[in-house]
Amino acid sequence: QQQVKQSPQSLIVQKGGIPIINCAYENTAFDYFPWYQQFPGKGPALLIAIRPDVSEKKEGRFTISFNKSAKQFSLHIMDSQPGDSATYFCAASTYSSASKIIFGSGTRLSIRP
Amino acid sequence: DVKVTQSSRYLVKRTGEKVFLECVQDMDHENMFWYRQDPGLGLRLIYFSYDVKMKEKGDIPEGYSVSREKKERFSLILESASTNQTSMYLCASSSDGQGLSYEQYFGPGTRLTVT
């Protein structure tokens, strides 16, 4: 049973555009929502994370928007660059199972020059 | 910087062979994980370990076993490899709730092909 649903599966955006990746979860006990970025030939690495007590978090060109009532969160990339081309995974975890993270299915993002 | 290393980047094995995938982390992390990554399915947890000699099944443990004899090393074992175990295998480690960030650090992955 998939606990974190991610869409779209793939996304192509022109340089400078704003790709948006969406995720939805079911377990209201989740209290930590990270995004991981994976470049070809590399393992995933933490990009940015949010807790449900805030509705938005920005780090550079990357922004997470969080809607607790809808149980949805999304990643926006401002002024996207070809170097942002990667696979992005949303994820969620609970304090009671702090070590165990549930990952979404991933979005392959391609930024065209 | 945290470093997680995996013994092989590419591996080709025959059906029925016993396969060992090794993972080593250098940051004294308590937790270690094995995932497999398949297109459209994301990262699926096979097993994880929160201490030496301790292990817990993840979402897809069938056909796999693990071993953690030392804190820094976590091995994934395919007792009898099958073609449906052809995949990318990722190892990760994390500290125990430090700052409640739960960040996992991943190795570069092992691309296993079973023929």
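The coordinates are above.
First, a word on scope: everything that follows refers to the structure included in this document. The residue numbering used here restarts from 1 in each chain and proceeds along that chain's sequence as written. As they are written, the chains are lettered A onward and the ligands numbered 1 onward, keeping that order. Thresholds applied to this predicted model are a pLDDT of at least 70 for local features of residues and 80 or more for the giving and counting of side-chain atom pairs; totals over whole chains, interfaces and linings are not thresholded and use all residues. To obtain the side-chain values, all non-hydrogen atoms of the structure were used and water was disregarded.

1. Points about the nonpolar core
Generally speaking, a soluble globular protein has its nonpolar side chains buried in company with each other. Of all hydrophobic cores here, the largest spans 25 residues; its most connected members are Phe 33, Trp 35, Phe 73, Leu 75 and Tyr 88 of chain A. Secondary structure elements are defined from DSSP: runs of H or I of at least 4 residues count as helices, runs of E of at least 2 residues count as strands, and each element is numbered from the N terminus. Of all the elements in the fold, those that place two or more residues in this core are strand S2 (10-14), strand S3 (20-25), strand S4 (33-38), strand S5 (45-50), strand S7 (62-67), strand S8 (72-77), strand S9 (86-92) and strand S11 (107-112) of chain A. Looking at which element gives the most residues to this core, the answer is S9 of chain A, with four residues. Pairs of residues are marked as contacts when any of their non-hydrogen atoms sit within 4.5 Å. When neighbours within four sequence positions are excluded, Tyr 88 of chain A is seen to be in contact with Gln 6, Ile 21, Tyr 36, Gln 37, Leu 47, Phe 62, Leu 75, Ile 77, Gly 106, Thr 107 and Leu 109 of chain A. Counting 20 residues, the second largest nonpolar core, distinct from the first, contains Val 19, Ile 60, Tyr 89 and Val 114 of chain B. Among the buried residues, those of types Ala, Val, Leu, Ile, Met, Phe, Trp, Tyr and Cys that are joined through side-chain atoms within 4.5 Å form a nonpolar core. Burial status follows relative accessibility: with a 1.4 Å probe on protein chains alone, a residue under 20% of its type maximum counts as buried, one over 50% as exposed, and anything between as partly exposed.

2. Here we look at the sheet that holds strand S1 (residues 4-7) of chain A
Residues and elements named next belong to chain A. The criterion for strand pairing is that DSSP finds at least two bridges linking the strands in question. The strand order S1-S3-S8-S7-S6 describes an open sheet built from five strands, whose pairing is antiparallel. At either end of the open sheet lies a strand with only one pairing partner, and these are S1 and strand S6 (56-59). For this sheet, the mean inter-axis angle between neighbouring strands, taken without regard to orientation, is 15 degrees. Note that S1 and S3 share four bridges and pair antiparallel. In the sheet register, Ser 7 faces S3, and the bridge partner there is Asn 22. Every angle, taken between N-to-C directions, lies between 0 and 180 degrees, and every axis is a line fitted to C-alpha atoms, over only the stretch in contact when it is a helix.

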